[in-house]
Amino acid sequence: MGPSVGEDSTSSASHPHGYELSHLEALEAESVHIFREVAATFERPVLLFSGGKDSVVMFHLARKAFWPAPIPFPLMHVDTGHNFDEVIEYRDRVVADTGVRLIVSSVQDDIDAGRVVEATGPGASRNRLQTTALLRGITENRFDAVFGGARRDEEKARAKERVFSFRDEFGAWNPRAQRPELWNLYNGRHNRGEHIRVFPLSNWTELDIWSYIADESIELPPIYYAHQREVIPRDGMLLAKTRFLEQFPDETSHVETVRFRTVGDATCTGCVLSTADTVEAVIAEVEATRLTERGATRADDRISESGMEDRKKEGYF
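Residues numbered from 1 in each chain as written. Predicted model: local features only at pLDDT ≥ 70, side-chain atom pairs only at ≥ 80, totals over all residues. Heavy atoms only, no water.

Asks: Looking at this model, I keep getting lost on the sheet that holds strand β8 (residues 237-240). Mind explaining?
Replies: Adjacent strands of a sheet pair through backbone hydrogen bonds, lying either parallel or antiparallel. What the four strands build is a closed barrel, ordered β7-β8-β10-β9; its pairing is antiparallel. Between one strand axis and the next, the sheet turns by 70° as a mean value, whatever way the strands run. Bridge count between strand β7 (residues 227-234) and β8: four bridges; the pairing is antiparallel. Looking at β8, one finds that Ile232 is bridged to Leu239. (Pairing = 2+ DSSP bridges. Helix = DSSP H or I, 4+ residues; strand = E, 2+ residues; numbered from the N terminus. Axes fitted to C-alpha atoms, helices over the stretch in contact; angles between N-to-C directions.)

Asks: I'm lost on helix α6 (residues 206-216) in this one. Help?
Replies: The periodicity of an α-helix, 3.6 residues per turn, causes residues three or four positions apart to be oriented the same way. Three or more residues of α6 are buried, namely Glu206, Asp208, Ile209, Trp210, Ser211, Tyr212 and Ile213. Just downstream of α6 lies Ser217, where phi reads positive at about 55°. (Buried < 20%, exposed > 50% of the residue type's maximum accessible area, 1.4 Å probe, protein only.)

Asks: Explain the pattern of salt bridges to me, please; I cannot follow it from the model alone.
Replies: Opposite charge on two side chains makes pairing possible when the charged atoms of those side chains draw close. In this structure the tally under the stated criterion is 17 salt bridges. Across the pair Asp54 and Lys53 runs a salt bridge, and its minimum N-O distance is 3.5 Å. Accessibility expressed as a relative area gives 10% for Asp54, which makes it buried. Since its relative accessible area comes to 1%, Lys53 is described here as buried. We note a salt bridge from Glu86 to Arg229, for which the minimum N-O separation is 2.7 Å. Pair noted here: Glu86 is in helix α3 (residues 85-98) and Arg229 is in strand β7, with a separation of 143 residues, a long-range link. You can call Glu86 partly exposed: its relative accessible area is 23%. Residue Arg229 is classed as buried on the basis of its relative accessible area of 13%. (Salt bridge = Lys/Arg side-chain N within 4 Å of Asp/Glu carboxyl O.)

Asks: Hey, could you run me through helix α7 (residues 279-288) in this one?
Replies: For α7, the set of buried residues is Val279, Val282, Ile283 and Val286. Projected onto a plane normal to the axis of α7, the buried residues spread over an arc of 100° and lie on a single side. Residues of α7 that are exposed and point more than 90 degrees away from the buried face comprise Glu280 and Ala288. Where the residues of α7 are buried, they touch α6 and β9 (254-259). (Arc of directions from axis to C-beta. Contact = heavy atoms within 4.5 Å.)

Asks: When you look at the packing of aromatic side chains in this model, what are you seeing that I'm missing?
Replies: When we look at a pair of aromatic rings, we describe it by the centre distance and by the angle of the planes. Summed over all chains, the structure comprises 11 aromatic pairs. An angle of 20° between the planes, with centres 6.3 Å apart, marks the rings of Phe35 and Phe73 as stacked. Residue Phe35 is located in helix α1 (residues 23-41), and its partner Phe73 is located in the loop between α2 (53-66) and β2 (75-79); the two are separated by 38 residues in the primary sequence. Like Phe35, the residue Phe73 is buried in the burial classification. Taken together through their ring pairs, the aromatic side chains of Phe35, Phe66, Phe73 and Phe147 make up a single cluster. (Phe/Tyr/Trp six-rings, centres within 6.5 Å; stacked < 30°, edge-to-face > 60°.)

The structure is reproduced here in structure tokens:
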């Protein structure tokens, strides 16, 4: 069985039978419209899929957009090699269950080929090395549109993004060179070697994502819900003790009941103290928080005040 679609999704704010769409229905319709617009406009799109909640929702929406046909593009995972085991298991199961094609662009391949140099020691992370693997994956497969799950509420640099984000032949983002999107009209024009990053979840919030997960009964990796885990306090965060994380000499670990709000490289993605073991309990937590998930749990965003924007200019999402 595929995702339930109900009535035809459109980009209009009203239902074809006359009643007003709910908030989530309007967001879903906008995202479905974006997927269909890209499929009609571009030759070689791809959807970035990490097994994180935003990419899971994005994939669910893509399947709705083209159901009962399969989605007309592959998935791509930019793999640091330092993933949470539960997320990789989930990713592989989704691919097996849906039959979608998965491309893996590996940071380890770039390290082995000498294209990037891996930092070592406590505090080291491969997260920044993802940019090279991402751009290589785009170039090798000649992708001209790349769907990403970034949302404008996550971080101030991402708040500057358009839905269609133009990237030059080097994959770089120039916030001053973006195109207007009046009346939801999207400009996908680009020259050979350039591409467009597409963000179907731009107007969604973390609360919207979780509310939609509840409404659609979408399965997620179990680390998004409360569980016991050995953690290491560092820089005001709780990092999971994994085989990838090297401890500083003065650090100690202990067991806490936690969950993850966002999922990324295990060396720089923190968890939060939580007893929310159901989607309803998570929604209640999200409604009460005043910190974005990236601001609270991603060490890679704390490099500098302009850390994310600098990385986006280099080609990152």
